[in-house]
Amino acid sequence: MSKSLILRILIIATIVIIGGWFVYKCELHIILTDRKKLTHFLKSFGAFSVIIFIGLQVLQVIFAPIPGEVTGFIGGYLYGPFLGLIYSTVGLTLGSLLAFFLARWLGLPFVERMVSPSVLKKYDYFIEHQGLLITFILFLIPGFPKDTLCYLLGLSHMKVGSFLLVSTLGRLFGTGMLSISGGLAYQNRYGSLSVLLLVSAFMVFVAYIYRDKIIHKFRKNTQ
């Protein structure tokens, strides 16, 4: 076993142990599903809340069950739309890169443990036939499993710089909508918030209904 492989395994094991301990010790599996508890949890860290928030965004990419919608909303609520977007983007970018590198280092057996077989089979086409434009649009589509896509692209030959570009830019719109929603909630502007949520819900609904057709069209055009 090479030294580089041993080092990778140690790094991954450290991340998993620390992340698992943090989730268990702080009962994040409960806190992250409740906006009020999450807000109180972050505020309890005072000036260090930003670091914890960014860490949570990293974890929600690596561990799919953590709801990104809740953390994105809370970012806007606590830090305002602009800073909420910045902090969320930093965390999501770091998490996306980590998922990408984990898949690249450990290969398909690891990804099969992180991604359900049905989802892996459904989107494995993009492992070999991804393009920058297609990948960007997939990250842009509301409701698309972006965290899963990070693992899948780690198995591809996509360059790190290209992945960083499309994954970061592709997430901006959805992250921005969540941050703005959180900011409106903090300002008690519930009328504007209701309109934004209705528009967002409609976009997610349409994207969910037509996402398979969009993916099928991409596949057909690349064959």
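Up top is the structure these notes are about.
Residues numbered from 1 in each chain as written. Predicted model: local features only at pLDDT ≥ 70, side-chain atom pairs only at ≥ 80, totals over all residues. Heavy atoms only, no water.

**Remarks on the packing of helix α9 (residues 132-140) against helix α11 (residues 160-186)**
- Relative to each other, α9 and α11 sit at 35 degrees, their axes nearing to 7 Å. The two elements α9 and α11 meet at a crossing, and its hand is right-handed. Mapping the contact onto sequence places Leu132, Thr135, Phe136, Phe139 and Leu140 in α9 and Ser162, Phe163, Val166, Ser167, Leu169, Gly170, Arg171 and Phe173 in α11.
- Looking at the contact of α9 with α11 residue by residue, the classes come out as eight nonpolar, four polar and one charged. (Axes fitted to C-alpha atoms, helices over the stretch in contact; angles between N-to-C directions. Helix = DSSP H or I, 4+ residues; strand = E, 2+ residues; numbered from the N terminus. Left-handed = near helix turned anticlockwise from the far one by under 90°. Contact = heavy atoms within 4.5 Å. Nonpolar A, V, L, I, M, F, W, Y, C, P; charged D, E, K, R; others polar.)

**Remarks on a nonpolar patch on the surface**
- Residues Phe82, Leu83, Ile86, Val90 and Leu94 make up a contiguous nonpolar surface patch of about 440 Å² in total accessible area.
- Within the secondary structure layout, Ile86 lies in helix α5 (residues 68-106). (Patch = residues over 30% accessible without salt bridge, like charges linked within 9 Å, V, L, I, M, F, W, Y side chains within 5 Å. Areas by Shrake-Rupley, 256 points an atom, 1.4 Å probe, with all protein chains shown as cover. Salt bridge = Lys/Arg side-chain N within 4 Å of Asp/Glu carboxyl O.)

**Points about the nonpolar core**
- Counting 27 residues, the largest nonpolar core has Val111, Phe139, Tyr151, Leu153 and Phe163 as the members making the most contacts within it.
- Those elements that place two or more of their residues in this core are α4 (49-62), α5, α6 (108-114), α9, α10 (146-154) and α11.
- Here this core gets seven residues from one element, more than from any other, and that element is α5.
- Leaving out residues up to four positions away in the same chain, Phe139 has contacts with Lys146, Leu149, Cys150, Leu153, Phe163, Val166, Ser167, Gly170 and Arg171. (Core = buried A, V, L, I, M, F, W, Y, C linked by side-chain atoms within 4.5 Å. Buried < 20%, exposed > 50% of the residue type's maximum accessible area, 1.4 Å probe, protein only.)

**Considering the pattern of salt bridges**
- Using the criterion set out here, one finds one salt bridge in the structure.
- When the shortest N-O distance is used, the salt bridge between Arg171 and Asp147 registers 3.2 Å. One end of the pair, Arg171, is in helix α11; the other, Asp147, is in helix α10, with 24 residues separating them in the sequence. The pair formed by Arg171 and Asp147 is uniform in burial state, with each residue classed as buried.

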